[in-house]
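# Commentary on secondary and tertiary structure
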Amino acid sequence: QMCIRDRYQRRVHGMHKTLSVEGNVVDVEGRRVFRGRVNIEGNKIVSIITGDSVAVTDKGPFILPGFIDSHVHIDDSLLAPYEFARGSVRGGTIAAVCDPHEIANVMGMPGIEYMVKQSKQSPYKFFYGAPACVPPSDFEMAGAELGPKELKELLASPDIHHMAEFMDFYGVIHDNPRTMEKIRITKEAGKPIDGHAPLLTGAELDKYIAAGISTDHECSIIEEAREKVKKGMKVIVREGSAAPDLRGIYQIIDEAPDMVMLCTDEWHPNDMLYKGHVDYIVRMAIGLGCDVFNVLRAASVNPVKHYKIPVGGLKEGDLADFIVVDSLKEVNVLQTYIEGNLVYDNKNVLIPPMTPAIVNNFKITDPISPDDLAIFADSKEINVIEVFDKKLFTKKSC
């Protein structure tokens, strides 16, 4: 069988580039697969030519829209954005909807500026949100604070596409003035608001949604996902390094295919190296029995529509953002294209490596000793925070 790299031809005339890729074209929204050729000029798809033969759906290659991680903290990956992109394209992921609240809680506005500036050095598509909760709540201390003034400044920037996860659901439910002001300025900017509402239900969930919060990625049980979808909230199904929730709620993908997206939330380098990225979630969902078109819709079409982000969907006139895979079952990525540029080809990442600048805000003047971290009990019992493997929930124990 001819390898994929021999299936396309590229010609460069000055700055004008043409490219053709042949294979089984997957029309996600039309729910069909056909033999065809995708023609690109510059950074856009100019035509998709349908072949004479019907696609053989168990034999590749297959051309799909590129995958999108619909909620991820790049700063939790232990990688700078540029290197995150180099790893991500191996898994057919061409874009990420990002919340930089980890670095913002350490460095404030300069941390966000660092993430955005470095991201622009990569062909990968990063779509940042304004961190809603820096610090996450009134009970926590952080290295910085972003109030309504700073968030308004961020939301006015074309580099900021949404308000990132609103962790302070308590403040929303109880009409905290500062919390509600953040929501008001986001609505004024005309940008969507991401949620964070684990196990929130009933009247409290109603109030949270009514405030204008449109997504949640914290669902871990199917009943929770169903209630949120029923009430109009989009559910971002999470399968991440710290919280792998797909097995608990995968049914929602087929039950509400227009209301679902996929995310990792946190994706560690070892997982990226050995599992891939969003391709891993797609492969897993298909393996659990989900309809392949519904899974691909959640991985590509739905985030583009919800966040209104400039990512192509494998249609004529779209930006040429797409991937080539071996089959619709194994979903092994053979090639990744971003705006017509081949960035991953047959196990080779074509984005060159780069040593990122290092930024930090830790100012520790005196050495830390074990005694500085010791807790001295003044009774036979002390309070302990109990954690659970692969879960974000904790429990008070003693």
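Relevant structure appears above.
Residues numbered from 1 in each chain as written. Predicted model: local features only at pLDDT ≥ 70, side-chain atom pairs only at ≥ 80, totals over all residues. Heavy atoms only, no water.

## Some details on the packing of helix H12 (residues 278–287) against helix H13 (residues 292–307)
For any two helices packed against each other, one specifies the inter-axial angle together with the distance between the axes. Where H12 meets H13, the closest approach of the two axes is 9 Å, and the angle between their N-to-C directions is 155°. Viewed along their axes, H12 and H13 adopt a mutual orientation that is roughly antiparallel. Crossing hand, H12 versus H13: right-handed. Note on element contacts: H13 touches H12 through Val292, Val295, Leu296 and Ala299, opposite Val278, Val282, Ala285 and Ile286. Residues of the contact of H12 with H13, tallied by class, amount to eight nonpolar, no polar and no charged. (Axes fitted to C-alpha atoms, helices over the stretch in contact; angles between N-to-C directions. Helix = DSSP H or I, 4+ residues; strand = E, 2+ residues; numbered from the N terminus. Parallel < 35°, antiparallel > 145°, perpendicular 65-115°, else oblique. Left-handed = near helix turned anticlockwise from the far one by under 90°. Contact = heavy atoms within 4.5 Å. Nonpolar A, V, L, I, M, F, W, Y, C, P; charged D, E, K, R; others polar.)

## Thoughts on the pairing of strand S11 (residues 213–216)
Where strand S10 (residues 193–195) lies against S11, two bridges are found, and the strand directions are parallel. Residue pairing in the sheet places Ile193 in a bridge with Ile213 of S11. The β-α-β motif built from S10, the intervening helix H7 (residues 202–210) and the parallel element S11 has right-handed crossover chirality. (Pairing = 2+ DSSP bridges. Right-handed = clockwise from strand over helix to strand, strands pointing away.)

## So, the pattern of salt bridges
For the structure shown, the criterion picks out 23 salt bridges. Between Lys125 and Glu339 there is a salt bridge, and its shortest N-O distance comes to 3.0 Å. One end of the pair, Lys125, is in strand S8 (residues 125–130); the other, Glu339, is in the loop between strand S15 (333–338) and strand S16 (341–345), with 214 residues separating them in the sequence. You can call Lys125 buried: its relative accessible area is 8%. Judged by relative accessible area, Glu339 falls into the partly exposed class, the value being 25%. Where Arg226 meets Glu255, a salt bridge forms, and the shortest distance between an N and an O atom there is 2.7 Å. Pair noted here: Arg226 is in helix H8 (residues 222–230) and Glu255 is in helix H10 (residues 251–255), with a separation of 29 residues, a long-range link. Residue class for Arg226 comes out partly exposed when judged on its relative accessible area of 36%. (Salt bridge = Lys/Arg side-chain N within 4 Å of Asp/Glu carboxyl O. Buried < 20%, exposed > 50% of the residue type's maximum accessible area, 1.4 Å probe, protein only.)

## Topic: the sheet that holds S8
Across a sheet, paired strands are connected by hydrogen bonds in the backbone, their directions being either parallel or antiparallel. The strand order across the open sheet formed by eight strands is S6-S7-S8-S9-S10-S11-S12-S13, and the pairing between neighbours is parallel. Here the strands that pair on one side only, and so sit at the sheet edges, are strand S6 (67–72) and strand S13 (260–263). Each strand of the sheet is rotated relative to its neighbour by a mean of 30°, with strand direction disregarded. Taken together, the four bridges between strand S7 (residues 93–98) and S8 define a ladder with parallel strand orientation. Paired with Ala96 across the strands is Phe126, a residue of S8.

## A few points about a nonpolar patch on the surface
A cluster of nonpolar side chains, Leu199, Ile221, Phe388 and Phe393, forms an exposed patch at the surface whose accessible area comes to about 340 Å². Inspection of the secondary structure puts Ile221 in the loop between S11 and H8. (Patch = residues over 30% accessible without salt bridge, like charges linked within 9 Å, V, L, I, M, F, W, Y side chains within 5 Å. Areas by Shrake-Rupley, 256 points an atom, 1.4 Å probe, with all protein chains shown as cover.)

## Focus: the nonpolar core
Core analysis: the largest hydrophobic core is formed by 100 residues, its most contacted members being Val26, Leu64, Phe67, Phe166, Val237, Ile253 and Val282. With eight residues, the top contributor of residues to this core is H13. Ignoring sequence-local partners within four residues, the contact set of Val26 consists of Arg32, Val33, Phe62, Ile63, Leu64, Pro65, Phe293, Leu296, Leu314 and Leu328. (Core = buried A, V, L, I, M, F, W, Y, C linked by side-chain atoms within 4.5 Å.)

## What to know about the side chain of Asp75
Residue position: Asp75 is located in the loop between S6 and helix H1 (81–88). For the buried Asp75, no salt bridge exists, and the shortest N-O distance to an oppositely charged side chain is 13 Å, to Arg238. A distance of 3.3 Å separates a polar side-chain atom of Asp75 from the backbone nitrogen of Glu102. There is a polar contact of 2.8 Å between the side chain of Asp75 and the backbone nitrogen of Ile103. The residues contacting Asp75, other than those within four sequence positions of it, are Asp99, Pro100, His101, Glu102, Ile103 and Met115. (Lys, Arg positive; Asp, Glu negative; His and termini not counted. Polar contact = N/O pair within 3.5 Å; in protein donor to acceptor, adjacent residues only side chain to side chain.)

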